[in-house]
Amino acid sequence: MLNKGPFNAAITAVGHYFPERIISNKYFEEYLDTSDEWIKTRTGIIERRRLDKDKPTSFMAVKAIEMLLKNRGIGIEEIDLIIVGTVTPDMIYPSTACVIQKEMGAKNAWGFDILAACSGFLFSLMTAVQFVQCGSHKKVIVVGADKMSAISNMEDRNTCILFGDAAGAVLLEPTEDKSYGVVDAILKIDGEGGKNLHQLGGGSLNPASHETVEKRMHYVYQDGKSVFKDAVKGMADVSYDIMVNNNLSSEQISFLVPHQANLRIITACAERMGISMDKVMVNINKYGNTTSGTIPTCISEYWHEGKLKKGDYIVLSSFGAGYTWGSILVRWAY
Ligand code: ACO
């Protein structure tokens, strides 16, 4: 269980944004040795969205936050902290949180970015929970946003078909009613996984140079098979453990909200928990793997469709580069 302060941290509003441009599997068929059938059956992806070349990650984050504020009926000046999970910040620095703060005129907010790849949203959410539980912050926005098209090698069929661009956001507020909000979390890292999934260029180890560009070091590299194997075990274990640790049965869980990297990983996770697929949030078919965006966009879309109700237990689970992985149990508050 979380070491609770005077309050629980409850999600009180959600928002999401997907770029309009749709990239179908057929698009890749036209110039790569791949097929709609291979992509669909091996990953579950049918299409994904791509942001315009001249627009950055913060563009999508701002749109998701605007939706969230509208839903909650508040202005940006009420926000006191913005945390952004992303691996595709607008630039190395300033942080995307700073860019968003300026763009939106969030004059009473401070903020920062968190880099945990596909676990970026979960790690950011758990960080935000600390500020809310202790009572020091009243309205905290947590964003998961990635423009994966900016770091995908469009000539590499192993990776480019997987990713999409998107942003999702949630608002966290304190609640004195401790039966709602973020209940528990299991978060893990294992640097041994770094060799299987990384982007080597552009940091202090390999600063940008002609050589790093020629060697395609500014793109995602993934040993898909190894990551697949580790993700199935990692995500399934923490999803199951958080349910059992909190004395919940699969019947009591309303939704599993898994990171959307591969439909086969999602299915394995649901099977391990004994949860049927109709209780699993899935949007990988429409948007691909949007990295930090997958979990908050799922939650927001399902909420907007009226599928989430007060009192629902939901389990959020992720696995990504690092390795980073984990699960968070939430009792839905509105
Ligand atoms: N079209 C056709 N064939 C392909 C394609 C493609 N797009 N991509 C790979 N193949 C081929 C391979 O070259 C290989 O051919 P070979 O047998 O002749 O060598 C064959 O298909 C099988 O390749 P695998 O890599 O074994 O395919 P697999 O079934 O494992 O699927 C995938 C690949 C989808 C990448 C899968 O491994 C996966 O989902 N991995 C985990 C992804 C993940 O969870 N990532 C973590 C989050 S991402 C992040 O943190 C940024």
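For the structure itself, consult the block above.
Just so you know, the residues in each chain are numbered from 1, in the order the chain's sequence is written. Reporting in this predicted model follows two pLDDT cut-offs: at least 70 for local features of residues, and 80 or more for side-chain atom pairs to be given and counted; totals over whole chains, interfaces and linings ignore these cut-offs and use all residues. Values shown for side chains rest on all heavy atoms present in the structure; no hydrogens or waters enter the calculation.

A.B. asks: Would you mind going over the pairing of strand E11 (residues 253-258) with me for this structure?
C.D. replies: In regular strands, side chains alternate between the two faces of the sheet. Three exposure classes are used, based on accessible area relative to the maximum for each residue type with a 1.4 Å probe and protein chains only: buried under 20%, partly exposed in between, and exposed over 50%. A run of H or I in DSSP becomes a helix once it reaches four residues, and a run of E becomes a strand once it reaches two; helices and strands are each numbered from the N terminus. The buried fraction of E11 amounts to six of the six residues, a majority that puts the element mostly inside the structure. Where E11 meets strand E12 (residues 313-320), five bridges bridge the pair, whose relative direction is parallel. By the bridge assignment, Phe255 is partnered in E12 with Ile314. Paired strands are those between which DSSP finds at least two bridges.

A.B. asks: What is the right way to look at helix H3 (residues 57-72) in this model?
C.D. replies: One turn of an α-helix holds 3.6 residues; hence residues three or four places apart share an orientation. Expected span of a helix: the number of residues minus one, times 1.5 Å. An ideal rise of 1.5 Å per residue puts 22 Å on 16 residues; H3 measures up with 23 Å between its terminal C-alpha atoms. Within H3 the residues assigned to the buried category are Thr57, Ser58, Met60, Ala61, Val62, Ala64, Ile65, Leu68 and Leu69. Contacts between residues were defined by any pair of non-hydrogen atoms, one from each residue, lying within 4.5 Å. Residues of H3 that are buried make contact with strand E1 (8-17), helix H4 (96-104), strand E6 (140-147) and strand E7 (165-175). Looking at the residues trailing H3, positive phi occurs at Gly73, about 70°.

A.B. asks: It is not clear to me how the site of the ligand should be interpreted in this structure. Could you clarify?
C.D. replies: Residues in close proximity to the ligand total 26 residues, the closest being Thr34, Arg42, Cys118, Lys225 and Asn262. Two N or O atoms form a polar contact when they lie within 3.5 Å of each other; inside protein one atom must be a possible hydrogen donor and the other a possible acceptor, and for residues adjacent in sequence the pair counts only when both atoms belong to side chains. Take Thr34: an N or O atom from its side chain is 2.6 Å from a nitrogen atom of the ligand. Interatomic distance of 2.9 Å between a side-chain N/O atom of Arg157 and an oxygen atom of the ligand. In this description, accessible areas are obtained by the Shrake-Rupley approach with a 1.4 Å probe, and a residue is regarded as covered only by the protein chains that are shown. Here the ligand loses 77% of its free accessible area of 1000 Å² to cover by the protein chains. Only helix H2 (36-43), helix H7 (224-245), helix H8 (263-273) and E12 provide two or more residues apiece to the shell around the ligand. Sorting elements by how many residues they give to the shell around the ligand places H7 first, with four residues. As a working rule, the residues Ala, Val, Leu, Ile, Met, Phe, Trp, Tyr, Cys and Pro are called nonpolar, Asp, Glu, Lys and Arg charged, and the rest polar, with Gly in that last group. Considered class by class, the residues forming the shell around the ligand number twelve nonpolar, nine polar and five charged. Each domain span listed reflects an automatic or database assignment of domains. Residue assignment places the shell around the ligand across two domains, with domain 1 (8-179) and domain 2 (182-331) each supplying three or more. Throughout, near means a residue has at least one heavy atom within 4 Å of the molecule or strand.

Function cannot be read off these values alone, since they describe shape.
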